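Secondary and tertiary structure notes
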Amino acid sequence: GAGVSQSPRYKVAKRGQDVALRCDPISGHVSLFWYQQALGQGPEFLTYFQNEAQLDKSGLPSDRFFAERPEGSVSTLKIQRTQQEDSAVYLCASSLGSATGELFFGEGSRLTVL
Amino acid sequence: GIQVEQSPPDLILQEGANSTLRCNFSDSVNNLQWFHQNPWGQLINLFYIPSGTKQNGRLSATTVATERYSLLYISSSQTTDSGVYFCAASARQLTFGSGTQLTVLP
């Protein structure tokens, strides 16, 4: 597609529910990133894929967070047993080549945990 | 990991004024980008500028990698320039600063 596409744009979950957020990167982009942005803060790195390989997951805040990109294209970020502190905007980005290339971001998925 | 600091945190301008936003980073980088986050939350790429100078219309940016800083210049500001400007730098994964909240008054 023309840009990075994320869905859903908005998600409200009750505490304890599982959620799945989808990212469709720019076609042909090798690298894919997930970031978390809390209100009033800059985005913070969660995890990075090169094709289907998850090369860096050092930013995932707990083992309740899991990301996958099984075919090297679409990625899903899953959050199990959501908690209120998980409320944030989750941003996906892709780049054509390596992790140090120019990143292009989607519009984000805003998660609110009640 | 790398630290990225932006200044000023807030900036209020009258329409037509010029401004300079600064980004300092703590280590050598091979990627530096400037973004504008629009009111709907999307990060819009302004510049990919690990070194050197680039210009795009009323915006320009300069990165002096050896001195570990980058500057974003906005000339003849317009109300539509309002929003948060982020600098992000990396040696591995892109690390964002806390942003500069720019408000341009009519």
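This write-up is about the structure you can find in this document. For every chain, the first residue of the written sequence is number 1, and numbering continues from 1 onward in sequence order. By the order in which they are written, chains take letters starting at A while ligands take numbers starting at 1. Per-residue local features of the predicted model are confined to residues with pLDDT of at least 70, and side-chain atom pairs are confined, for both listing and counting, to 80 or more; whole-chain, interface and lining totals are unaffected and use all residues. Hydrogens and water molecules were not included; the side-chain quantities draw on all heavy atoms of the structure.

1. Examining the pairing of strand β11 (residues 109-113) of chain A
All names here are of chain A. Inclusion rule: Relative accessible area decides the class of each residue, using a 1.4 Å probe on protein chains only: under 20% of the type maximum gives buried, over 50% gives exposed, and in between gives partly exposed. A helix here means a DSSP run of H or I that spans at least four residues, while a strand means a run of E at least two residues long, and both kinds are numbered starting from the N terminus. A pair of strands counts as paired when DSSP detects no fewer than two bridges linking them.
Side chains S109, L111 and V113 project from β11 onto a buried face, and the interleaved R110 and T112 project onto a face without burial. In this structure, strand β2 (residues 10-13) lies alongside β11, joined through four bridges in parallel fashion. Bridge pairing in β11 links K11 to L111.

2. Observations regarding the packing of aromatic side chains
Operational definition: When the centres of two rings from Phe, Tyr and Trp lie within 6.5 Å, Trp using its six-membered ring, the rings pair. Their planes under 30 degrees apart give stacked, over 60 give edge-to-face, and anything left gives tilted. When the NZ atom of lysine or the CZ atom of arginine is within 6 Å of a ring's centre and also within 35 degrees of its normal, the charge is said to sit over that ring.
Tallied over the entire structure, the rule returns nine aromatic pairs over all chains. Seen in terms of ring centroids, A:F105 and B:F96 are 5.9 Å apart; in terms of plane orientation they differ by 80°. Their pairing is edge-to-face. In this pair, A:F105 is assigned in strand β10 (residues 104-105) and B:F96 in strand β10 (residues 95-96), connecting two distinct chains. Residue A:F105 shares its accessibility class with B:F96, and that shared class is buried. An aromatic cluster is built from A:Y35, A:F45, A:F105, B:F35, B:F86 and B:F96, whose rings are joined through pairwise contacts. Geometry around B:Y69 places B:R22 over its ring, the cationic atom sitting 4.3 Å from the centre.

3. Overview of the sheet that holds strand β7 (residues 59-64) of chain B
All names here are of chain B. We apply this condition: Interaxial angle, 0 to 180 degrees, is taken between N-to-C directions of lines fitted to C-alpha atoms, where a helix line uses only the stretch in contact.
Strand order in the open sheet made by the five strands is β1-β3-β8-β7-β6, with antiparallel pairing throughout. Pairing within the sheet leaves two strands with one partner each, and these edge strands are β1 (4-7) and β6 (52-56). Between one strand and the next, the sheet's axes are offset by a mean angle of 15°, whatever the strand orientation. Pairing of strand β3 (residues 19-25) with strand β8 (residues 69-74) involves six bridges; the strand directions are antiparallel.

4. Digging into the pattern of salt bridges
Which entries qualify depends on this criterion: Here, a salt bridge means any Lys or Arg side-chain nitrogen found within 4 Å of an Asp or Glu carboxyl oxygen.
Summed over the entire model, instances satisfying the criterion amount to seven salt bridges over all chains. We note a salt bridge from A:K78 to A:E68, for which the minimum N-O separation is 3.3 Å. With A:K78 in strand β8 (residues 75-79) and A:E68 in strand β7 (residues 65-68), the pair connects residues that are 10 residues apart, well separated along the chain. A salt bridge links B:D27 to B:R68; the shortest N-O distance between them is 4.0 Å. Of this pair, B:D27 sits in the loop between β3 and β4 (31-37) while B:R68 sits in the loop between β7 and β8, and the two are 41 residues apart along the sequence.

5. Looking at the environment of A:P43
Counted only if it meets this: Contact criterion: two residues are considered in contact whenever any of their non-hydrogen atoms come within 4.5 Å of each other.
Topologically, A:P43 is positioned in the loop between β4 (31-37) and β5 (44-50). Residue A:P43 is classed as buried on the basis of its relative accessible area of 4%. With 41 residues separating them in the primary sequence, A:P43 and A:Q84 have C-alpha atoms 18 Å apart. The contact partners of A:P43, leaving out residues within four places of it in the chain, are A:Y35, A:Q36, A:Q37, A:L91, B:L43, B:F86 and B:F96.

6. Re the state of the cysteines
The line we're drawing: Two cysteine sulfurs form a disulfide in these notes if their separation is within 2.5 Å.
Under the counting rule described, the total for this entry stands at two disulfides over all chains. The side chain of A:C23 participates in a disulfide bridge whose partner is A:C92; the two sulfur atoms lie 1.8 Å from each other. Measuring the twist about the S-S bond at about -70°, one finds the A:C23-A:C92 disulfide to be left-handed. Of this pair, A:C23 sits in strand β3 (residues 19-24) while A:C92 sits in strand β9 (residues 88-95), and the two are 69 residues apart along the sequence. You can call A:C92 buried: its relative accessible area is 0%. Bridging B:C23 to B:C87, the disulfide has an S-S length of 2.0 Å. As the torsion about the S-S bond is roughly -55°, the B:C23-B:C87 disulfide counts as left-handed. Taken together, the residues span a long stretch of sequence, with B:C23 in strand β3 and B:C87 in strand β9 (residues 83-90) at a distance of 64 residues. Assigned by exposure class, B:C23 and B:C87 land together as buried.

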